[in-house]
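# Analysis of the macromolecular model
Residues per chain are reported as follows:
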Amino acid sequence: MHSKNLPVLFSGSSHPELSKQVAEYLDVSLGKVLIEAFPDGEIGVQILENVQGRDAFVLQSIARRPNHYLMELLILVDALKRASARSIVAVIPYYGYARQDRRDKGRVPIAAKLVANLLEKAGVTRVLTMDLHAEQIQGFFDVPVDNLYARSAMIDAINTLELENLIVVTPDIGSIKLARAYAGQLNVDLAIVDKRRVNAKQVETNALIGDVAGKDVLLVDDICSTGGTLKIAAQVCKNAGARRIVAALTHGVLAGDAFKESAIEKMFISNTIPLPLLGIDLQLVEVVSVASLFGQAIDAIVSSKSISSLV
């Protein structure tokens, strides 16, 4: 195949380390792109190589500075479209605004749908993401959406701890499907912490459904922002007689002083989002790379193969 017809992977500025890891897995060089800021804060982009007739992949996590990185992604996609790329796949390890996926009270937006509209209007022809907060977000798009799961990589890392008499615990009702998948793959029981969210920053726990006494607990969740839900769930399990408590998180947003004075002794967090530089004890955390999963998916898309084994 002529080099100009080969697919090309570009990196936005939100997570260059993950982009580099995915490129290394695929044994390719990242596409050359200039991303700069104008004096007034506007984002400027220039694609520095020929993409005409090529399949382009753009990796960008919509986190840390979600508004900035979303806009940067849209501008990158527009630049590729106007440079006559044959297809443009948005590789979004963390899909920002996913928690705003429905109208659960009056006069609120469905921001996850708005983001989908913006991506399609910009020129995205396919989306590759991981552990969507709500599966129905795939239906917000009129282009193919591939939702990968970090679970297999996380379980490989968790197994190195040699936990005994393990039970998987979901910190709230919304994570039951994820927790059930972990419990099924690990072949262990499942327990539920019944949580009610009072507001954006405060949660309230009502009950623990299941027996964790004398067991090692694995708390699982897709997104962790302030850590309040997991900290409360960990304390509930500790009070109920749990022996050891570890956690597995796909998206470690980790805003503020997450997990300060927590009952959790070890946290496994995927690298869909770069860890914050401040506010978290790095000795508590083990980062699990999902670069190979994205690499395999990109390879399957390029080769027109099914990626069902990855999802």
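The structure this text deals with has already been given above.
Everything in this summary refers to the structure shown in the same document. What you are looking at is a predicted structure, and each value in this text was computed from that prediction instead of being measured. (Residues numbered from 1 in each chain as written. Predicted model: local features only at pLDDT ≥ 70, side-chain atom pairs only at ≥ 80, totals over all residues. Heavy atoms only, no water.)

### As for the packing of aromatic side chains
Note the cut-off: Geometry of aromatic contacts follows a simple scheme: Phe, Tyr and Trp rings, the Trp one being its six-membered ring, pair when their centres are within 6.5 Å, and the pair is stacked under 30 degrees between planes, edge-to-face over 60, tilted otherwise. In DSSP terms, a helix is any run of H or I states spanning at least four residues, a strand is any run of E spanning at least two, and both are numbered starting from the N terminus. Partly exposed residues are those whose accessible area sits between 20% and 50% of the maximum for their type, while under 20% is buried and over 50% is exposed, using a 1.4 Å probe and protein chains only. Throughout this description, the term charge over a ring refers to an Arg CZ or Lys NZ atom that lies within 6 Å of the ring centre and within 35 degrees of the ring normal.
Tallied over the full model, the rule gives one aromatic pair. Residues Tyr95 and Phe141 carry aromatic rings whose centres are separated by 6.1 Å and whose planes lie at 75 degrees to one another, so their mutual orientation is edge-to-face. In this pair, Tyr95 is assigned in the loop between strand 5 (87–92) and helix 3 (111–122) and Phe141 in the loop between strand 6 (126–130) and strand 7 (145–148), connecting sequence segments 46 residues apart. Phe141 shares its class with Tyr95; the two are buried. Looking at Arg65, its charged tip hangs above the ring of Tyr69, at a distance of 5.7 Å from the centre.

### Some words on the sheet that holds strand 5
To keep it simple, the criterion reads: In this description, strands pair whenever DSSP reports at least two bridges between them. Throughout, an axis means a line fitted to C-alpha atoms (over the contacting stretch in the case of helices), and angles, computed between N-to-C directions, take values from 0 to 180 degrees.
The sheet built from five strands is open, its strands ordered 1-4-5-6-7 with parallel pairing. Looking along the sheet, the strands with just one partner apiece sit at the ends: strand 1 (8–11) and strand 7. Across the sheet, the mean angle separating the axes of adjacent strands is 20 degrees when strand polarity is ignored. Bridging between strand 5 and strand 6 involves four bridges; their strand directions are parallel. If you follow Ala90 over to strand 6, its bridge partner there is Val127.

### Some remarks on the state of the cysteines
Under the convention used in this document: When two cysteine sulfur atoms lie within 2.5 Å, the pair is treated as a disulfide.
Enumeration over the complete set of coordinates arrives at zero disulfides. For the unlinked cysteine Cys224, the closest cysteine sulfur is that of Cys237, found at 15 Å. Under the relative-accessibility criterion, Cys224 is labelled buried at 3%.

### Regarding the pattern of salt bridges
This is how the line gets drawn: For this document, the term salt bridge refers to a Lys or Arg side-chain nitrogen within 4 Å of an Asp or Glu carboxyl oxygen.
Counting across every chain of the model gives 11 salt bridges. When the shortest N-O distance is used, the salt bridge between Glu49 and Arg54 registers 3.5 Å. The closest approach of N and O atoms between Lys81 and Asp78, which form a salt bridge, is 3.9 Å. Here Asp78 and Lys81 lie together in helix 2 (residues 66–82), a separation of three residues that amounts to about one turn.

### Considerations on the nonpolar core
Using the following cut-off: Residues belong to a common nonpolar core when they are buried Ala, Val, Leu, Ile, Met, Phe, Trp, Tyr or Cys residues joined through side-chain atoms within 4.5 Å. Note on contacts: a residue pair qualifies if any of its non-hydrogen atoms lie within 4.5 Å across the two residues.
Leu128, Tyr182 and Leu218 are the most contacted members of the largest nonpolar core, which has 41 residues in total. If one sorts the elements of this core by residue count, helix 7 (residues 291–302) sits on top with seven residues. When sequence neighbours within four positions are dropped, the list of residues in contact with Leu218 reads Ile158, Leu166, Ile167, Val168, Val169, Tyr182, Leu186, Val246, Ala247 and Ala248. Core analysis: the second largest hydrophobic core is formed by 34 residues, Ile47, Val58, Ala79 and Val145 among them.

### Points about the pairing of strand 8 (residues 166–170)
Among the five residues in strand 8, five count as buried, and that is most of the element. Residues Leu166, Val168 and Thr170 of strand 8 are buried on one face, and the alternating residues Ile167 and Val169, pointing to the opposite face, are buried as well. The pairing of strand 8 with strand 11 (residues 216–224) spans four bridges and is parallel. From the neighbouring strand, Val169 faces strand 11, where its bridge partner is Leu219.

### Some remarks on helix 7
Keep this limit in mind: A helix's residues, less one, multiplied by 1.5 Å, set its expected span.
With 12 residues, helix 7 should reach 16 Å at 1.5 Å per residue; the first-to-last C-alpha distance of 16 Å fits that figure. Once helix 7 finishes, Ser304 follows within two positions and takes phi at roughly 55 degrees, a positive value.

### Describing the environment of Asn187
For Asn187, the location among the structural elements is in the loop between helix 5 (176–186) and strand 9 (189–197). The spatial distance from the C-alpha of Asn187 to the C-alpha of Ile167 is 9.3 Å, given a sequence separation of 20 residues.

### A few points about the packing of helix 2 against helix 3
In helix packing, the relevant descriptors are the interaxial angle and the interaxial distance, both defined with respect to the helix axes. Heads up, the condition is: Working rule for angles: under 35 degrees goes down as roughly parallel, over 145 as roughly antiparallel, 65 to 115 as roughly perpendicular, anything else as oblique.
Orientation of helix 2 relative to helix 3, taken along the N-to-C sense of each, is 25 degrees, at an axis distance of 8 Å. Classified by the angle their axes make, helix 2 and helix 3 are roughly parallel. Together, Leu70, Leu73, Leu74, Val77, Asp78 and Lys81 of helix 2 and Val115, Leu118, Leu119, Lys121 and Ala122 of helix 3 make up the contact between the two elements.

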